[in-house]
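Report on the structure
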Amino acid sequence: MRYNNVDFQAFLPINELFPDNDKGAKWRLYIVKKVDNQIVYDYLILPFTFEDLTHQGGKISLSSGVNANKLIMENSNTLRRRYANQPASQVASELGSNRYFTAGRVYTRVASNESRTVIFYGVRSPHDNNATKYASSAYWLFGGDQAVLEYEPESTKPEHRQQEISNHRYLKDGTHWVRPNDTVDIRLRGYDQHSLLERTNIQLQGSGALARARHVYGNGHNYYNSSIYIDIPSSSKTYESNTKRTREATFEVKPLSNTHNHTYDISAYHRDHAGNNTGWVDTGLKLRVDGKDPGSSQYEQHEIMDARYVNGNDHWIRTGDKVNIRLRGYDQHSKLNRNSLRLSGSGASGNARHLFERYQPTGIAAGFDYNSPSIYFDILSASKTYESSTSNSRESTFTVQPKDNAHGHNYTVSHYQTDNVGNTTGWKDTGLRLRIDGKDPGSPTYQQEEIIGARYVNGDKHWIRPGDEVEIRLRGYDQDSKLNRNQLRLHGSGADGRARFVYENYQPTNLAEGFDYYQPSIYMDILSATKTYESSTSNTRESTFKVKPKNNTHGHIYNVSHWQSDNVGNNTGWVDTGLRLGMDDQAPTTLFRNKADTANFTSRDWSNETIEVRLKFSDPHSGVKRSRYAWTEVEQTPSESDWSNWSTNTNYVVSNDTAGEWYLYVEVEDNVGNKRVVNAGVYKLNNPPVADFNYEGNPNPLYEGDPLKLINTSTDEDGHDMTANWTITDPDGITQSFTGKLIDPHGSKKVEGDWHVTIHDISNQSQPLPKAGDYVIHLEVIDEHKAKSEITQTINVRPLQISANVSHTERWKEIHEELNNSENEFFSGERFILTSTVTNNSISSPKLVNVEVKATGTKIDNSSVTLTKNLSEQSRNSASIKHRGELYEDFMSDPKHKFKDNSDMTFEFKATWSNGVVKYDVVTIKFLDDVYEFYKLHKTN
């Protein structure tokens with residue numbers, strides 16, 4: 001409902017609205033109107049605040065609340081007037097176009113003007129620097145709440161003055177702690193100035209419990225609102241002032257056994273005889289019940305701090321070390337009063353305690369107390385090191401120091417926690433163990449060191465080459481806290497490199513687990529390390545380091561040392577393992593000496609003596625392993641097949657008896673595989689040539705007319721080129737020289753000039769055939785190094801000969817013998833028997849010799865006649881061939897044509913050999929007469 005420009009008066013019946021003067025009351029106001037047949041109403045909101053009125057000693061107020069002065073502009077063109085009813089033209093002149101309130105904006109009412117029918121409200125205008133501007137009430141909406149008419153009576157009440165709890169176990173911050181079934185006294189004191197206190201009531205409320213009792217002064221105790229959790233068995237008046245305006249009642253209160261963790265707020269109620277009362281007054285006292293032992297799996301903590309090494313529950317330290325043992329307990333209720341620590345085991349036991357605050361039930365002072373000492377350790381102190389914001393969690397830290405006689409001890413760490421009302425945990429094993437290790441690592445039985453991967457081991461020296469990788473295995477032993485790390489040191493020859501392998505995080509210094517080359521050297525790399533062995537008990541552990549010397553380490557020898565530390569810092573210090581690591585990247589040296597070892601022997605000029613060289617080897621580092629050699633004719637490294645077998649001798653003689661210019665190559669290797677190939681030379685060895693020759697066809701004889709070819713069979717063992725100088729004297733004593741050359745006699749055998757010689761008739765160069773007779777031949781052979789050889793031989797050339805004969809037939813031979821004629825006397829008309837013997841020059845196969853006879857004679861008429869006849873081979877042997885033939889012509893017996901008496905006839909025998917040699921033999925006969933004359937004479941006689 002909206003009401004605009006309404007002016008009315010309303011009268012409210014105060015006495016009817018507030019009939020009880022001692023009771024306050026409130027009425028909400030509406031505006032009601034009958035419209036036609038309808039009754040309509042709305043909240044009455046007042047745009048102003050009444051000042052309070054007094055009524056029967058009380059106060060009456062009428063207000064629409066804190067927003068009663070807030071007005072909301074409804075229209076968009078409402079002028080901001082400087083005063084009520086200011087003309088619009090004047091506003092426009094003063095403010096121009098910016099003269100309107102902002103629709104929907106909230107303004108604060110600061111003034112009003114009701115001088116006319118229309119009411120104007122003045123508001124603080126932020127548009128005008130918070131100046132007051134007016135607008136009719138018709139344009140404003142009220143921002144207040146529904147109007148409330150309220151009456152507040154006024155009276156004098158009793159006062160609560162004092163309160164106290166006694167016989168509790170623990171008091172903290174106004175909270176009084178007890179255990180179930182404890183009995184406490186609660187004292188409540190009140191004051192009333194006029195009618196005096198008639199009663200004092202107590203209320204314990206909380207944790208689902210509500211218990212009320214009262215003490216009526218002069219009439220006694222009444223537990224009128226009992227609880228299953230609390231017993232209030234009695235009360236009594238324990239104080240009254242002289243004026244009796246102050247009175248006090250003390251109540252006996254007993255929480256029952258089911259009240260653990262209950263908290264009770266204690267309230268007091270005082271009533272005077274006029275009926276005025278304080279109502280329930282919170283005294284600020286709290287009674288809390290704690291019936292549970294301390295402890296919480298969530299919040300309870302135990303820790304040994306500053307241990308050198310922690311392995312599960314075992315916390316390792318050394319004798320004389322100080323560690324802090326932190327014991328955190330939890331008590332949600334009365335809070336922990338103290339922590340007690342006990343170390344027990346290995347024949348030792350000691351207790352100490354730390355009180356966070358004085359223990360009120362027995363008066364034990366706060367602080368530290370080593371109440372049960374041990375001869376094996378000291379518990380030096382304890383202090384509070386944590387308290388939660390609620391104080392539910394409290395922590396004590398004890399400082400413990402084992403003595404020198406505690407090595408090998410193993411202590412169980414137990415705690416005993418007590419809260420402030422005396423609930424305790426009893427001794428409980430924390431699970432922590434404090435173990436004492438006061439002995440350095442080491443055991444001759446289990447300790448091992450080894451260098452793996454060396455190329456050569458000689459006693460304690462392990463030889464490698466720079467750039468090689470070797471593994472150094474270090475095995476150590478610690479029976480107690482176990483080895484924490486192995487450290488390797490390689491030092492010597494100006495080098496010092498150190499590395500370590502940590503088996504597990506070294507807790508005292510937080511040294512990380514793993515490998516660390518913490519002191520590198522310019523001479524070596526320690527590349528890595530790994531754990532390579534661990535016994536089942538972990539007492540024995542082994543790490544293997546990978547080491548790689550750099551290229552600048554030739555000749556270095558390193559002592560191999562180890563340093564072993566256990567998990568509490570006991571250590572061996574640097575211990576020499578006795579192992580040595582040597583580096584060798586230079587091959588042995590080689591000396592070339594003469595056989596007698598009196599001088600160096602690196603070359604030799606030409607000689608035919610066997611080359612003998614003494615080889616001597618030395619290596620000051622890893623030592624000479626082996627050597628081999630090879631002879632080469634060129635200065636280049638031999639192929640594998642040219643080398644001798646390996647020898648392990650360091651001093652031996654090698655020889656070469658093969659001619660040539662030789663290089664001696666030697667390969668020597670040391671024990672780490674360094675090799676060196678060196679050579680010496682040239683060593684020159686020359687075997688002189690051997691002169692020799694033969695003739696082609698030898699051993700067959702040579703015959704006149706056969707070609708005589710001298711074959712130079714001279715040799716040079718060394719294969720050197722040779723020059724041949726021939727001197728030949730023929731059967732007539734005539735001498736001639738020839739020169740030739742044989743190149744590469746063991747290879748191509750190239751011939752130049754007269755290396756071989758074919759003999760001609762020296763006196764007649766045009767005659768190709770040699771003479772018969774003895775040829776004296778001298779051959780000199782010279783090799784390329786001027787070594788020479790010579791030989792002289794006589795070669796006989798056998799002559800080719802013919803021996804002819806003209807003879808009679810057998811009958812005529814008898815006739816001539818009877819006539820006593822000579823053999824060469826014939827009668828014309830005889831048959832001539834022609835025979836010849838010629839030299840047989842056949843060698844492997846028969847050779848024919850042609851024999852032709854030419855006979856020349858004179859006929860009876862003095863005319864000359866020539867007859868020819870070819871003889872036939874009749875027989876042969878190795879030396880000769882016989883030919884035979886007969887010559888007869890009919891004219892020889894014709895007296896008219898016969899040969900002339902007493903004339904000669906010449907028979908010329910011509911022998912022609914297959915080699916072209918022709919030889920002649922002539923036989924002359926004499927004709928006596930003809931055969932007819934012989935017969936005449938014979939008849940006559």
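The chain is annotated in an unreviewed UniProt entry as PKD domain-containing protein of Oceanobacillus luteolus.

1. What to know about a negative patch on the surface
Together, Glu810, Glu817, Glu818 and Glu823 make up a region of like negative charge exposed at the surface. Among the structural elements, glutamate 818 can be located in helix α3 (residues 810–819). Exposure remark for glutamate 818: the relative accessible area of 64% places this residue in the exposed category.

2. Things to note about the nonpolar core
The nonpolar side chains of a soluble globular protein tend to be buried, and buried together. Grouped together as the largest cluster of nonpolar side chains are 30 residues, with contacts concentrated most on Val806, Phe832, Leu834, Met905, Phe907 and Phe909. The element best represented in this core is strand β68 (residues 904–912), accounting for four residues. Counting residues in hydrophobic clusters, the runner-up holds 24 residues, among them Val178, Tyr217, Tyr223 and Val289.

3. Remarks on the environment of serine 241
Inspection of the secondary structure assignment puts serine 241 in the loop between β19 (230–240) and β20 (246–255). Given a relative accessible area of 14%, serine 241 falls into the buried group. The spatial distance from the C-alpha of serine 241 to the C-alpha of tyrosine 191 is 9.6 Å, given a sequence separation of 50 residues. Looking at serine 241, its side chain comes within polar contact range of the main-chain nitrogen of arginine 245, at 3.4 Å.

4. Details of the sheet that holds strand β58 (residues 757–759)
The strand order across the open sheet formed by three strands is β52-β54-β58, and the pairing between neighbours is antiparallel. Bordering the open sheet on either side are β52 (693–695) and β58, each of which pairs with just one other strand. Going across the sheet, the axis of each strand differs from the next one's by a mean of 25°, ignoring polarity. In this structure, β52 lies alongside strand β54 (residues 708–712), joined through three bridges in antiparallel fashion. Across the sheet, residue phenylalanine 693 finds its bridge partner in β54, namely asparagine 712.

5. Comments concerning α3
Looking only at α3, the buried set comprises Trp812, Ile815 and His816. Projected down its long axis, α3 carries its buried residues within an arc of 95°, all on one side. Exposed side chains of α3 directed beyond 90 degrees from the buried face belong to Glu810, Glu817 and Glu818. Where α3 ends, the next residue or the one after it, asparagine 820, has phi of about 55°, a positive value.

So, how was this worked out
Residues numbered from 1 in each chain as written. Predicted model: local features only at pLDDT ≥ 70, side-chain atom pairs only at ≥ 80, totals over all residues. Heavy atoms only, no water. Patch = residues over 30% accessible without salt bridge, like charges linked within 9 Å, V, L, I, M, F, W, Y side chains within 5 Å. Areas by Shrake-Rupley, 256 points an atom, 1.4 Å probe, with all protein chains shown as cover. Salt bridge = Lys/Arg side-chain N within 4 Å of Asp/Glu carboxyl O. Lys, Arg positive; Asp, Glu negative; His and termini not counted. Charge placed at Lys NZ, Arg CZ, Asp CG, Glu CD. Helix = DSSP H or I, 4+ residues; strand = E, 2+ residues; numbered from the N terminus. Buried < 20%, exposed > 50% of the residue type's maximum accessible area, 1.4 Å probe, protein only. Core = buried A, V, L, I, M, F, W, Y, C linked by side-chain atoms within 4.5 Å. Polar contact = N/O pair within 3.5 Å; in protein donor to acceptor, adjacent residues only side chain to side chain. Pairing = 2+ DSSP bridges. Axes fitted to C-alpha atoms, helices over the stretch in contact; angles between N-to-C directions. Arc of directions from axis to C-beta.

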